[in-house]
Amino acid sequence: DQQVKQNSPSLSVQEGRISILNCDYTNSMFDYFLWYKKYPAEGPTFLISISSIKDKNEDGRFTVFLNKSAKHLSLHIVPSQPGDSAVYFCAASTRGAQKLVFGQGTRLTINP
Amino acid sequence: GAVVSQHPSRVICKSGTSVKIECRSLDFQATTMFWYRQFPKQSLMLMATSNEGSKATYEQGVEKDKFLINHASLTLSTLTVTSAHPEDSSFYICSAERTGPVETQYFGPGTRLLVL
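Summarised in this report is the structure supplied together with it. Remember, it's a predicted structure, so these values are computed and weren't measured experimentally.

### Some remarks on the overall build of chain A
Point 1. Scanning chain A for helices and strands turns up 0 helices and 11 strands.
Point 2. Secondary structure elements of chain A occur, N-terminal to C-terminal, as β-β-β-β-β-β-β-β-β-β-β.
Point 3. The C-alpha atoms of chain A give 13 Å as radius of gyration, which agrees with the globular expectation for 112 residues (13 Å, within 12%).
Point 4. Counting only C-alpha atoms, chain A reaches 40 × 30 × 20 Å along its principal axes.
Point 5. Counting the 112 residues in chain A, one finds 46% classified as buried.
Point 6. Carbon and sulfur atoms make up 48% of the accessible area of chain A, which totals about 5,300 Å².

### A few points about the overall build of chain B
Point 1. Across its full length, chain B carries 0 helices and 11 strands.
Point 2. Overall, chain B shows an N-to-C arrangement of helices and strands of β-β-β-β-β-β-β-β-β-β-β.
Point 3. Computed over its C-alpha atoms, the radius of gyration of chain B comes to 13 Å, within 12% of the 13 Å expected for a compact globule of 116 residues.
Point 4. Along the first, second and third principal axes, the C-alpha set of chain B runs to 45 × 30 × 25 Å.
Point 5. A total of about 5,800 Å² of accessible surface is found on chain B, and carbon and sulfur atoms cover 51% of it.
Point 6. Averaging the positions of the 11 positive and the 10 negative side-chain charges in chain B gives two centres separated by 8 Å.

### Description of the environment of Pro-79 of chain A
Residue and element names in this part refer to chain A.
Point 1. Its location among the elements puts Pro-79 in the loop between β8 (72–77) and β9 (86–93).
Point 2. We classify Pro-79 as partly exposed; its relative accessible area is 37%.
Point 3. Each C-alpha atom, one on Pro-79 and one on Phe-62, is 9.1 Å from the other, the two residues being 17 residues apart in sequence.
Point 4. Among residues more than four places away in sequence, those in contact with Pro-79 are Gly-16, Arg-17, Arg-61 and Asp-84.

### A few points about the side chain of Gln-105 of chain B
Point 1. Along the chain, Gln-105 of chain B falls in strand β10 (residues 104–107).
Point 2. In this structure the side chain of Gln-105 of chain B is engaged in a polar contact, spanning 2.7 Å, whose partner is the side chain of Ser-95 of chain B.
Point 3. Here Gln-105 of chain B is in contact with Tyr-36, Phe-46, Ala-97, Gln-98, Lys-99 and Leu-100 of chain A together with Phe-34, Tyr-36, Ser-95, Ala-96 and Glu-97 of chain B, once residues within four sequence places are set aside.

### Focus on the sheet that holds strand β1 (residues 4–5) of chain A
All names here are of chain A.
Point 1. The sheet built from 5 strands is open, its strands ordered β1-β3-β8-β7-β6 with antiparallel pairing. Looking at strand neighbours, the two that pair on one side only are β1 and β6 (56–59), the edges of this open sheet.
Point 2. Two elements, β6 and strand β7 (residues 62–67), share 4 bridges in a ladder whose sense is antiparallel. Note that in β7 the partner of Asp-59 across the bridge is Phe-62.

### Some points on the layout of surface pockets
Point 1. Looking at the largest pocket, its volume works out to about 530 Å³.
Point 2. Lining the largest pocket are 21 residues, with Gln-3, Leu-100 and Val-101 of chain A together with Met-45 and Glu-59 of chain B positioned closest to its centre.
Point 3. Contributing elements (two or more residues each) for the lining of the largest pocket: β10 (101–102) of chain A together with β5 (44–51) of chain B.
Point 4. The element that contributes the greatest number of residues to the lining of the largest pocket is β5 of chain B, accounting for 4 residues.
Point 5. Counted by class, the lining of the largest pocket contains 9 nonpolar, 9 polar and 3 charged residues.
Point 6. Here the second largest pocket defines a volume of roughly 460 Å³.
Point 7. Lining the second largest pocket we find 21 residues, and of these Val-87 and Arg-107 of chain A together with Gln-38, Lys-41 and Gln-42 of chain B sit closest to its centre.
Point 8. Residue assignment for the lining of the second largest pocket shows that the elements contributing at least two residues are β9 and β11 (106–111) of chain A.
Point 9. A per-class count over the lining of the second largest pocket returns 9 nonpolar, 8 polar and 4 charged.

Rules and cut-offs
Counting of residues starts from 1 at the beginning of each chain's written sequence and follows it residue by residue. Written order decides the labels, with chains lettered from A and ligands numbered from 1. Predicted model: local features are reported for residues with pLDDT of at least 70 only, side-chain atom pairs are reported and counted for 80 or more only, and whole-chain, interface and lining totals are derived from all residues. For the side-chain quantities, the full set of heavy atoms in the structure was used; hydrogens and water were omitted. Helix and strand definitions here come from DSSP, where helices need a minimum of 4 consecutive H or I residues and strands a minimum of 2 consecutive E residues; each element is numbered from the N-terminal end. Each radius of gyration is computed over the set of C-alpha atoms, and the globule rule expresses the reference value as 2.2 Å times the number of residues to the power 0.38. Accessibility here uses a 1.4 Å probe with only protein chains present; expressed as a share of the type maximum, an area under 20% marks a residue as buried, one over 50% as exposed, and anything in between as partly exposed. In this description, accessible areas are obtained by the Shrake-Rupley approach with a 1.4 Å probe, and a residue is regarded as covered only by the protein chains that are shown. Positive: Lys, Arg. Negative: Asp, Glu. His and the chain ends are not part of the count. Where a charge lies is defined by one atom per residue type, namely NZ (Lys), CZ (Arg), CG (Asp) and CD (Glu). By definition in these notes, contact holds between two residues if any of their heavy atoms fall within 4.5 Å. Within 3.5 Å is the distance limit for a polar contact, defined as a pair of N or O atoms, with the added protein rule that one can donate a hydrogen and the other accept it, and that residues adjacent in sequence qualify only through two side-chain atoms. If DSSP finds at least two bridges between two strands, the strands pair. A cavity here means a set of 1 Å grid points, computed over protein atoms only, where a 1.4 Å probe fits but cannot escape. A pocket is an open set with protein on both sides within 12 Å along at least 5 of 7 lines, and lining residues have an atom within 4 Å of a point. Grid points are joined across faces, edges and corners, and a volume is the space filled by probe spheres set on the points. Each residue receives one of three labels: charged for Asp, Glu, Lys and Arg, nonpolar for Ala, Val, Leu, Ile, Met, Phe, Trp, Tyr, Cys and Pro, and polar for the others, Gly being one of them.

Spelled out as structure tokens, the structure:
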């Protein structure tokens, strides 16, 4: 049972444009959501998080939107840069940053 | 961001031997650390939650006698894969929970285990 789903295994975006990564979840008890970026053979790097009491959180080029009624969150990266090319994982939890449940990941490629 | 280290980064061992992986939080104290496993092209799967000074909590389907976890201090957790077999070959990643204004887990760089 995949409680956190990233239905797009890959995404290609032109440099300078907006990248939108999507994530859906099924467990309505999730109240904390995180996005991580991961390069091959490395551990994930924390990007941004959002609590269920909010619907938007912004940090520099990264913005996360949460739609609780749709059980959907998205990560917007603007403008996209070549260094953003990586695999992006969304994760969810019912206990703050503990017991994270990860999605399958989306490979983002930024084309020059 | 916070720094979490893992050692070794890569290990090759013979079937039947035990392998110890260390996870250290370098610039903060972590009461709680986590151990994950990632198979190729798959997501990270939580194996266990490591609590400083108490027993680890294992996820369903993870053998606690196979994957021994010790959280001896606020900056160190170890995972020992006992009597490793080829099916234990995987990428093992630890993380440390950091509380504060932004709660998150900071991940180590991972350990690639290959059991021959």
